[in-house]
2 protein chains.
Amino acid sequence: MNELQIIEIIRQLFETEDYPLTDDVAYLPNGLAFKVDMLVKSTDIPKGMSWYQVGRKALVSVLSDVSTKGVRPEFMMLSVALRKGIKEEQIKDMLMGIKDLSVRYGIKLIGGDVNRANDLAIDCVLFGSYKNKVLRGGAKPGDLIYVTGEFGLTAVGLDYLVKGREIRNSRLKGLALKWVYEPEPPVEFNLDVVESGLVTSSMDSSDGLAFTLNEMAEQSGLRFLIENYPMSEEIIKMIEEEGRDPLLDAMYGGEEYQMVFTVPPEKEQEVIKKAKEHDTIIHRIGHVTQGKGVYFARESKKIEKRGWVFTF
Amino acid sequence: MNELQIIEIIRQLFETEDYPLTDDVAYLPNGLAFKVDMLVKSTDIPKGMSWYQVGRKALVSVLSDVSTKGVRPEFMMLSVALRKGIKEEQIKDMLMGIKDLSVRYGIKLIGGDVNRANDLAIDCVLFGSYKNKVLRGGAKPGDLIYVTGEFGLTAVGLDYLVKGREIRNSRLKGLALKWVYEPEPPVEFNLDVVESGLVTSSMDSSDGLAFTLNEMAEQSGLRFLIENYPMSEEIIKMIEEEGRDPLLDAMYGGEEYQMVFTVPPEKEQEVIKKAKEHDTIIHRIGHVTQGKGVYFARESKKIEKRGWVFTF
């Protein structure tokens, strides 16, 4: 049993035509859209992360999702499960990590629940209003494929933290750990491009870039052709100097809270302008064609659909 | 540290005048109200409960809360954390427990999350529309105090399941286990009396009846005087025959998903009529006076505020 099979069971039991369970947020006809995401310590928290960063990450993952789908987060609910023995200071630090980020985006806490469990879990609900819906499957042939941010860094950071693989370049090490411990989704840019109608499909990349691209290609019924690495030349060079494959690191290695999106060619200049306005890094990594699957064009290599999927 | 102290920290960090965190549901100005509740296996699931009943209970506890506050549940979100090794049949049974109850009340699943953790947790969000707000603290002097259902049964059942204390009367045993394993909150009655404006304050009793009454008395700034046991004569007699104190069992022993509510005397007959219509058991257990605290009048005994509160 894996996570995707369980989601399939849930869909078979609960899904109706009016309320599909195939996308990242639930857009309701009343103009509100909803998202829930649970962070679990034993699976989602790398070694050395502070309590502040744990709390922050619980909100980051939902913020990334809703902003990628053009939903302006207004309200939050929090259910926390805490282990016996947790200290008051740890709880306060964790809550401050959530609070600081919620204040920055004007999100109001309206409810929650406190429980005791044999694991730490934070289940975070966000909802708010939307102007435009954007689905995983809306890409058209000829659309350009864009990502925000730099990929590959978190793979390097996680290999260091989880497997102890050293990072010789100290600048790369600093960047990689920053991206692992304090991910910073480009919330305002994401919202702006969706609300401005510049995006035909979008998805947050936190299940892994390869998984995300394949999911979007599948749901669009089209082929995603990747031509460029989703990272700057400088980072490609740093990662290669560590004896690593930047493409593998970008596609399969990390947990980035970035937006993957498709743009009609005539809207590309507007997207570039928005990125400058919001000081957001973006990379054009390819384009959409007829066909199926995700391919890296330079070597005609198939990018397999693998990602962060729990097994049970 | 206990649960109430943690909730106090959360209130200090997040609460605003417009969005108080003191009640059971969040009533938003847009006419929707929200509630989230997490069920955790290691703390909330008694021995011998089936997977179907576990899933069912996750929804029961939120249904009880929202209906007690006059919120008609329309939409649901579910985050589940599952332990490694869980079987497909167990997951399906658990989901069926949720589904059967959600279908009965026309609740639609719109989103969720699946995770792996070192404990089983089901976080269930319900929301829907409301006509009238009803708070914990709305009671007036002279109001009558009512409860739905029979109290005391779940204390007997839990003592049997958790501490192995035998129940000699087989009819009592059957009733007690039924109330523990398949609690049945009187959803339609609860909604009807609130929507009909018959209730001045209300709260679900699942934190324990003594806790609930004290909380309502405190928030109303009044005294709750208890004159009658919250159970039928037949059940009092059965519990006494087991050598137990029915009042203690009712106040501190169990986990009932019932509604505790106050009614102006001139509306009592209407409440009784609604109870008959919905085939719902209700008991008038006392009335509200000037003063503080909760007292059992017959013996002028103070009912202390203790209940189901987690310590960490």
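These numbers come from a predicted model, not from an experiment. (Residues numbered from 1 in each chain as written. Chains lettered and ligands numbered in written order. Predicted model: local features only at pLDDT ≥ 70, side-chain atom pairs only at ≥ 80, totals over all residues.)

Colleague: So what exactly am I meant to see when it comes to the overall build of chain A here?
Modeller: Scanning chain A from N- to C-terminus turns up 11 helices and 12 strands. In terms of overall dimensions, chain A is globule-like: its C-alpha atoms have a radius of gyration of 19 Å, near the 20 Å expected for 312 residues. For chain A, the C-alpha atoms occupy an extent of roughly 55 × 50 × 45 Å along the three principal directions. Taking all 312 residues of chain A together, the buried fraction comes to 54%. The long-range fraction of contacts in chain A, counting pairs at least 24 apart against all pairs at least 6 apart in sequence, stands at 85%. (Helix = DSSP H or I, 4+ residues; strand = E, 2+ residues; numbered from the N terminus. Rg over C-alpha atoms; globule rule 2.2 N^0.38 Å. Buried ≥ 20, exposed ≤ 12 C-beta atoms within 10 Å, placed from the backbone. Contact = placed C-beta atoms within 7 Å.)

Colleague: For this particular structure, what's the right way to read helix 1 (residues 3–14) of chain B?
Modeller: Each turn of an α-helix holds 3.6 residues, which means side chains three or four residues apart point in the same direction. A rise of 1.5 Å per residue sets the reference length of helix 1 of chain B, with its 12 residues, at 16 Å; its end C-alpha atoms lie 16 Å apart and thus fit the reference within 8%. Close packing links the buried residues of helix 1 of chain B with helix 4 (88–104) and strand 4 (108–116) of chain A. (Expected span 1.5 Å × (residues − 1).)

Colleague: Teacher, can you tell me more about the relation of the copies chain B and chain A here?
Modeller: Note on the identical chains: chain B maps onto chain A by a rotation of 180° and an axial translation of 0.0 Å, with an RMSD of 0.0 Å. In symmetry terms, the pair is related by a two-fold rotation axis. (Least-squares fit on C-alpha atoms with pLDDT ≥ 70 in both.)

Colleague: Teacher, can you tell me more about the domain arrangement of chain A here?
Modeller: Interfaces are often sized by the accessible area lost when the parts come together. All names here are of chain A. Domain annotation for chain A reports domain 1 (3–130) and domain 2 (144–302). Put simply, the middle of domain 1 and the middle of domain 2, counted by C-alpha atoms, are 23 Å apart. Contact with domain 1, which involves 19 residues of that partner, is made by 19 residues of domain 2. It is helix 3 (residues 51–68) that contributes the most residues to the side of domain 1 that touches domain 2, 10 residues altogether. Its residues assigned to classes, the side of domain 1 that touches domain 2 comprises five nonpolar, seven polar and seven charged. (Domains from an automatic or database assignment. Nonpolar A, V, L, I, M, F, W, Y, C, P; charged D, E, K, R; others polar.)

Colleague: Quick question: what am I supposed to make of the packing of helix 4 of chain A against helix 1 of chain B here?
Modeller: To describe two helices that pack against each other, one gives the angle between their axes and the distance between the axes. In the contact formed by helix 4 of chain A and helix 1 of chain B, the axes pass within 11 Å of each other and the chain directions differ by 30°. Overall, the two elements helix 4 of chain A and helix 1 of chain B adopt an arrangement that is roughly parallel. In this structure, helix 4 of chain A meets helix 1 of chain B at a crossing whose hand is right-handed. Contact residues: helix 4 of chain A offers A:I91, A:K92, A:L95 and A:K99, while helix 1 of chain B offers B:I6, B:I9, B:I10, B:L13 and B:F14. By residue class, the composition of the contact of helix 4 of chain A with helix 1 of chain B is seven nonpolar, no polar and two charged. (Axes fitted to C-alpha atoms, helices over the stretch in contact; angles between N-to-C directions. Parallel < 35°, antiparallel > 145°, perpendicular 65-115°, else oblique. Left-handed = near helix turned anticlockwise from the far one by under 90°.)

Colleague: What is the right way to look at the interface of chain B and chain A in this model?
Modeller: Taken together, the 48 residues of chain B in the interface contact 49 residues of chain A. The set of elements that each furnish at least two residues to the side of chain B that touches chain A consists of helix 1, strand 2 (32–40), helix 2 (41–44), strand 3 (71–82), helix 4 (88–104), strand 4 (108–116) and strand 5 (121–130) of chain B. Among the elements that take part in the side of chain B that touches chain A, strand 4 of chain B stands out by supplying nine residues, more than any other. Tallied by class, residues from the side of chain B that touches chain A come to 27 nonpolar, nine polar and 12 charged.

Colleague: What's the story with the sheet that holds strand 5 (residues 121–130) of chain A in this structure? I'm lost.
Modeller: Sheet strands associate in pairs through backbone hydrogen bonding, adopting either a parallel or an antiparallel arrangement. Residue and element names in this part refer to chain A. Overall, mixed pairing links the five strands, which are arranged 1-2-5-3-4 in an open sheet. Two strands close off the open sheet at either side, each with one partner strand: strand 1 (26–27) and strand 4. Two elements, strand 2 (residues 32–40) and strand 5, share nine bridges in a ladder whose sense is antiparallel. Bridge pairing links L39 to I122 in strand 5. (Pairing = 2+ DSSP bridges.)

Colleague: Can you help me understand unusual backbone geometry in this one?
Modeller: The general pattern is negative phi for most residues beyond glycine and trans for most peptide bonds. The backbone of A:D279 shows a phi angle near 55°, a positive value even though the residue is not glycine. Here A:D279 is to be found in the loop between helix 11 (268–277) and strand 10 (282–289).

Colleague: When you look at the sheet that holds strand 12 (residues 301–302) of chain B in this model, what are you seeing that I'm missing?
Modeller: Residues and elements named next belong to chain B. Ordered in space as 7-9-6-10-8-11-12, the seven strands form an open sheet in which the pairing is mixed. The two strands at the open ends of the sheet, each matched to only one other strand, are strand 7 (201–204) and strand 12. Sheet analysis places strand 11 (residues 294–296) next to strand 12, joined by two bridges and oriented antiparallel. The partner of F296 across the bridge, within strand 12, is K301.

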